[in-house]
Number of protein chains: 2
Amino acid sequence: DESAEDAERKKKNVNDPYANDPPRHPALIVRVNQPFNAETPIELIPDNYITPNDFFFVRNHLPVPSVSEKDYRLEISVEGQQEPLVTLTLQDLKTKFRKQTVTSTIQCAGNRRSDMHKVKEVQGTGWAQGAISTAEWSGPKLHDVMAYAGVDFSNPRIQHLQFEGLDKDITGVCYGASIPVYKGIEPYGDVILAYEMNGVPIPLDHGYPVRVIVPGSVGARSVKWLSRVIASSQESPSHWQQKDYKCFNASTDWKNVDFSKAKSIQEFPVQSAICDPKDGVELPEDMDEISVRGYAVSGGGREIIRVDVSIDGGKSWNEARLLPKPRSYNILGRDWAWTLWEAKVPVTDSDRAKGELSILCKAVDSSYNEQPESFQAVWNLRGLLATAWHS
Amino acid sequence: DESAEDAERKKKNVNDPYANDPPRHPALIVRVNQPFNAETPIELIPDNYITPNDFFFVRNHLPVPSVSEKDYRLEISVEGQQEPLVTLTLQDLKTKFRKQTVTSTIQCAGNRRSDMHKVKEVQGTGWAQGAISTAEWSGPKLHDVMAYAGVDFSNPRIQHLQFEGLDKDITGVCYGASIPVYKGIEPYGDVILAYEMNGVPIPLDHGYPVRVIVPGSVGARSVKWLSRVIASSQESPSHWQQKDYKCFNASTDWKNVDFSKAKSIQEFPVQSAICDPKDGVELPEDMDEISVRGYAVSGGGREIIRVDVSIDGGKSWNEARLLPKPRSYNILGRDWAWTLWEAKVPVTDSDRAKGELSILCKAVDSSYNEQPESFQAVWNLRGLLATAWHS
Ligand SMILES: [Mo]
Ligand SMILES: [Mo]
């Protein structure tokens, strides 16, 4: 049982900040062990619109905190007031508000960073294309909880909603992030305080007992182990909000970068990747058609309207079939979850003659945003939003 | 006076469908005379955040209709009901509703088509980068007028808001377009029924007496000379909604295109262009810095967060200064109007040695969407959304 496990972990080393990290499924592709960062195996993606919890990618910034349902508290505060407006238990979140379910893809801002790294070195975890997964998240709307707490959204000083996690660094500073207030309060923004992930309590690695889910924005804003929401005139003062998760142009390096001058990443741009066939796989020599499968997704609720696949370096493009989603997720123009796709591309003699097929994919979203063609053009020192055509 | 002018025009030729077209400022750059299509001179853009009405680009699909304030009526209808819910006069629109002012850039979906055409022939008016302008539009919110008419937005059958103009083709078919219902009803969608443009009644070429303004979407949805709004389960049946203003991949040609398979363009993707120096202009030989000015804009309320300029073919990038907007237009994350920018780029001996400077610009919006690098990748048979890097 859980407490016996806990006790065992603590026995191991009381001074180990990672002592509370849970066991993980061995199929996850580990990029960093401490803090734990691991990808969903991409071969699982085409057959699982909803990623099973055990295989959902994990991006932890800090050690997993120790938290019990009994002791868990969520504070709702307003900047400048000493006392929180309200302090809620998990039971409060479950009983005082309407439970909403939002199907949302979560994508790390560093997904596909390793592709950008090939062009020129970037700093950060070397993610391939598996730092992305999709789940059904359930809990109250952030807006309902803030309204219950009595936050006055007509106050023009309230511009940002800051989130603090229970996860702390060695000096006691917690993980933090923020979102613009309109994302939190707009009727279709769908930000929720999730206590369930695919119908069960959120697993420890994914923010147990409560994770704020900010659909359509990079994963870094969906703060795990949520302990506090602060309505503020400022963005979160955290390192990750201020000095990370921002992009610069390709001529900006570590010597001339000024993080205060760029906007923090919120909504992510259109992205796609090939999951099948896997890179380097041997294909039958006599095939006259190749089946290519993958995912595509865009931020801000923009749905995917087209995916193009090429096996001749972009000279000709084949439109992929967008697979129907298990439910209608596109409510009032807000599509928070990925689109899986499949393309059957004819293979000609001249393709076969090359001996090696290079497959390209690119997606288009409902604002007709296109992915960048090359990584040269969008290269940035932190390797964020690596969305160039996938090959 | 206007009626004398009218009389004169009609005397000219009663059978001329264009007899009602108004006189235009000679500085407009005419691309097509009938229907009238003309660009804003780009040298006026950097010094005029708000485009003066006389220089606002004109994109007419059909002859300008004859309409008097006295006879003007706007019908609000629901699909399947014979009678309109309400019929409103211009006076009704001015007196029964709160007047809102929205500063919105209007961009033709074909803006910069001539740049795409250079790569491979496309069909459509050969716009350069001046099929874009910005005005302050005033009138009631579409949402308020629809609510007054008693349209039940909770009815799930209502998915689209269709607009009909008074402008008709030779067979009597009017211009029409539609938007998804959520754009029309969301609190921050800012769709208005404008009767004023920059503080004066909308000029005849721009939709007198009423034009619906759909901020953040392509100009084709902002129907001029608005005569009817229909709440419907379907998109507008018009040619322009069904068989035009859609994009396909670069392998789709007039032989294999199926317009029913693509989504109509609504929000536009991130765009930018250089206005100064103009193409082909001679620059001083000894200059050690070049000043480059232009505009950038994105659809869906996304603000411009960065513009990069290169004079070495994209090897190095200089971040432009985003000029402050005359007012704060970015309310709750909705920025409907362009950003003007200026870059001071150092010119080196090796740049001078080339004899000719090729300047590139590209913009990034608040979702970190980037412009496509080349037109090859986004080429489409109608030459729409020509947003590749501008040079
Ligand atoms: Mo992330
Ligand atoms: Mo247009």
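Because the structure is predicted, anything quoted here is derived from the model rather than measured. (Residues numbered from 1 in each chain as written. Chains lettered and ligands numbered in written order. Predicted model: local features only at pLDDT ≥ 70, side-chain atom pairs only at ≥ 80, totals over all residues. Heavy atoms only, no water.)

Engineer: Give a description of the overall build of chain A that names residues and reports values.
Structural biologist: Across its full length, chain A carries 8 helices and 21 strands. Over its C-alpha trace chain A gives a radius of gyration of 22 Å, about what one expects of a compact globule, namely 21 Å for 391 residues. By the burial criterion, 60% of the 391 residues in chain A qualify as buried. For chain A, the accessible surface area stands at approximately 16,100 Å², while carbon and sulfur atoms represent 48% of it. Treating the 44 positive side-chain charges of chain A as one cloud and the 53 negative ones as another, the clouds have centres 4 Å apart. (Helix = DSSP H or I, 4+ residues; strand = E, 2+ residues; numbered from the N terminus. Rg over C-alpha atoms; globule rule 2.2 N^0.38 Å. Buried < 20%, exposed > 50% of the residue type's maximum accessible area, 1.4 Å probe, protein only. Areas by Shrake-Rupley, 256 points an atom, 1.4 Å probe, with all protein chains shown as cover. Lys, Arg positive; Asp, Glu negative; His and termini not counted. Charge placed at Lys NZ, Arg CZ, Asp CG, Glu CD.)

Engineer: Tell me about helix H4 (residues 142-149) of chain B, and name the residues and values.
Structural biologist: The α-helix advances 3.6 residues per turn, and as a result positions three or four apart in sequence lie on the same side. All names here are of chain B. For H4, the complete set of buried residues consists of Leu142, Val145, Met146 and Ala149. Buried residues of H4 fall within an arc of 100 degrees about the axis and therefore sit on the same side. Of the residues one or two after H4, Gly150 is the one with positive phi, at around 90 degrees. (Arc of directions from axis to C-beta.)

Engineer: An account of the side chain of Asn380(B) is needed here, citing residue identities and associated values.
Structural biologist: Summarising the element assignment, Asn380(B) is placed in the segment after helix H8 (375-378). When residues no more than four places from it in sequence are discounted, the contact partners of Asn380(B) are Met116(B), Val122(B), Cys247(B) and Phe248(B). (Contact = heavy atoms within 4.5 Å.)

Engineer: Kindly report on the relation of the copies chain A and chain B, identifying the contributing residues and their values.
Structural biologist: Taken as rigid bodies, chain A and chain B are interconverted by a rotation of 180 degrees and an axial shift of 0.0 Å, the fit giving an RMSD of 0.0 Å. The transformation just described matches what one would write down for a two-fold rotation axis. Measuring from the rotation axis to each C-alpha of chain A, the shortest distance belongs to Pro372(A), at 2.7 Å. When the interface residues of chain A are mapped onto chain B, 100% of them are again interface residues, pointing to one common binding face. (Least-squares fit on C-alpha atoms with pLDDT ≥ 70 in both.)

Engineer: Go over the interface of chain A and chain B with me, naming the residues and quoting the values.
Structural biologist: Listed by partner, the interface residues are 44 residues for chain A and 44 residues for chain B. Of the charged contacts in the structure, one is a salt bridge between Glu303(B) and Lys263(A), with a shortest N-O distance of 3.3 Å. At the boundary of chain A and chain B, one finds 18 residue pairs in polar contact (both at pLDDT 80 or more). Of all the secondary-structure elements, those providing two or more residues to the side of chain A that touches chain B are helix H5 (181-185), strand E17 (304-310), strand E18 (318-319) and helix H8 (375-378) of chain A. Ranked by the residues each element gives to the side of chain A that touches chain B, the list is headed by E17(A), at 3 residues. Tallied by class, the residues present in the side of chain A that touches chain B amount to 20 nonpolar, 10 polar and 14 charged. (Salt bridge = Lys/Arg side-chain N within 4 Å of Asp/Glu carboxyl O. Polar contact = N/O pair within 3.5 Å; in protein donor to acceptor, adjacent residues only side chain to side chain. Nonpolar A, V, L, I, M, F, W, Y, C, P; charged D, E, K, R; others polar.)

Engineer: How would you explain the side chain of Asn37(A) if you had to name every residue and give the values?
Structural biologist: All names here are of chain A. Take Asn37: it is sitting in strand E2 (residues 37-39). The class of Asn37 is buried, set by a relative accessible area of 2%. Within the local environment of Asn37, its side chain forms a polar contact with the backbone oxygen of Asn60, the two atoms lying 3.2 Å apart. Excluding residues within four positions of it along the chain, Asn37 makes contact with Ile29, Val30, Arg31, Val32, Val58, Arg59, Asn60, Thr125 and Trp127.

Engineer: Lay out the nonpolar core with the relevant residues and their values.
Structural biologist: A general feature of soluble globular proteins is that nonpolar side chains tend to end up buried together. All names here are of chain A. Grouped together as the largest cluster of nonpolar side chains are 79 residues, with contacts concentrated most on Ile76, Leu93, Phe163, Leu193 and Leu226. Residue contributions to this core peak at 4 residues, all from helix H4 (residues 142-149). Setting aside its immediate chain neighbours within four residues, Leu193 contacts Leu74, Leu93, Ser138, Gly139, Pro140, Leu142, Val145, Val210, Arg211, Val212 and Leu226. (Core = buried A, V, L, I, M, F, W, Y, C linked by side-chain atoms within 4.5 Å.)

Engineer: Tell me what's going on with the packing of aromatic side chains, and back it up with residues and numbers.
Structural biologist: All names here are of chain A. This model, assessed by the stated rule, comprises 18 aromatic pairs over all chains. Judged by centre distance (4.8 Å) and plane angle (50 degrees), the ring pair of Tyr175 and Trp240 falls under tilted. Pair noted here: Tyr175 is in strand E9 (residues 174-180) and Trp240 is in helix H6 (residues 239-242), with a separation of 65 residues, a long-range link. Seen from their ring centres, Trp254 and Phe259 are 6.2 Å apart, and the 40 degrees between their planes marks the pair as tilted. Taking relative accessible area as the criterion, Phe259 reaches 8% and is therefore assigned buried. The side chain of Lys362 reaches across the aromatic face of Trp317, ending 4.6 Å from its centre. (Phe/Tyr/Trp six-rings, centres within 6.5 Å; stacked < 30°, edge-to-face > 60°. Lys NZ or Arg CZ within 6 Å of the ring centre and 35° of its normal.)

Engineer: Residues and numbers for the environment of Thr387(B), please.
Structural biologist: Mapped onto the fold, Thr387(B) is located in the segment after H8. Ignoring sequence-local partners within four residues, the contact set of Thr387(B) consists of Arg112(B), Pro269(B), Val270(B), Gln271(B), Gln371(B), Pro372(B) and Phe375(B).

Engineer: Describe the pattern of salt bridges, naming the residues involved and giving the relevant values.
Structural biologist: On inspection of all chains with the given rule, the structure shows 56 salt bridges over all chains. With a closest N to O distance of 2.6 Å, Arg24(B) and Asp205(B) form a salt bridge. Taken together, the residues span a long stretch of sequence, with Arg24(B) in the loop between helix H1 (2-12) and strand E1 (29-32) and Asp205(B) in the loop between strand E12 (200-201) and strand E13 (211-213) at a distance of 181 residues. Overall, Asp205(B) belongs to the buried group, its relative accessible area being 5%. Residue Glu370(B) pairs with Lys362(B) through a salt bridge whose shortest N-O separation is 3.6 Å. Several salt bridges share partner residues, and in doing so they unite Arg306(A), Asp308(A), Lys362(A) and Glu370(A) into one network.

Engineer: Describe the state of the cysteines, naming the residues involved and giving the relevant values.
Structural biologist: Evaluation of the coordinates by the stated rule reveals 0 disulfides over all chains. Residue Cys361(B) stays outside any disulfide, its sulfur separated by 8.6 Å from that of Cys275(B), the closest cysteine. (Disulfide = S-S within 2.5 Å.)

Engineer: Provide a residue-level description of the sheet that holds strand E3 (residues 58-59) of chain A, including the pertinent values.
Structural biologist: All names here are of chain A. As summarised here, the arrangement of the 3 strands in space is E1-E2-E3, forming an open sheet in which the pairing is antiparallel. A strand with exactly one partner marks an edge of an open sheet, and here the two such strands are strand E1 (29-32) and E3. Here E1 pairs with E2 via 3 bridges, running antiparallel. Opposite Val30, over in E2, you have Ala38 as the bridge partner. (Pairing = 2+ DSSP bridges.)

Engineer: So what's going on with a negative patch on the surface? Which residues, and what values?
Structural biologist: All names here are of chain A. Taken together, the side chains of Glu282, Glu285, Asp286, Asp288 and Glu289 make up a negatively charged region of the molecular surface. When you line up the elements, Glu285 lands in the loop between strand E15 (271-276) and strand E16 (289-297). According to the relative accessible area criterion, Glu285 is exposed, its value standing at 76%. (Patch = residues over 30% accessible without salt bridge, like charges linked within 9 Å, V, L, I, M, F, W, Y side chains within 5 Å.)

Engineer: So what's going on with the sheet that holds strand E7 (residues 132-139) of chain B? Which residues, and what values?
Structural biologist: What holds strands together in a sheet is hydrogen bonding between their backbones, with the strands either parallel or antiparallel. One open sheet accounts for 4 strands, arranged E6-E7-E11-E12 (chain B); its pairing is antiparallel. The open sheet has two free edges, formed respectively by strand E6 (100-107) and E12 of chain B, since each of these has just one partner strand.

Engineer: Could you give an account of the pairing of strand E7 (residues 132-139) of chain A, with specific residues and numbers?
Structural biologist: A regular strand places its side chains on the two faces of the sheet in alternate fashion. Residues and elements named next belong to chain A. Of all 8 residues in E7, 8 are buried; the element is thus mostly enclosed. Both faces of E7 are covered, namely the face carrying Ile132, Thr134, Glu136 and Ser138 and the face carrying Ser133, Ala135, Trp137 and Gly139. When E7 meets strand E11 (residues 196-197), the two strands line up antiparallel, connected through 2 bridges. Looking across to E11, one finds that Trp137 is bridged to Met197.

Engineer: Break down unusual backbone geometry for me, citing the residues and quoting the values.
Structural biologist: Cis geometry marks the peptide bond from Asp276(A) to Pro277(A); its omega dihedral reads 0 degrees. Inspection of the secondary structure puts Pro277(A) in the loop between E15 and E16. Phi is positive for Arg112(A), which is not a glycine, with a value near 70 degrees. Checked against the element boundaries, Arg112(A) lands in the loop between strand E6 (100-107) and helix H3 (113-119). According to the relative accessible area criterion, Arg112(A) is buried, its value standing at 0%. Phi angles above zero are rare outside glycine, and Leu385(B) is one such case at about 50 degrees. In this fold, Leu385(B) is placed in the segment after H8. Using a relative accessible area of 10% as the deciding quantity, one classes Leu385(B) as buried.

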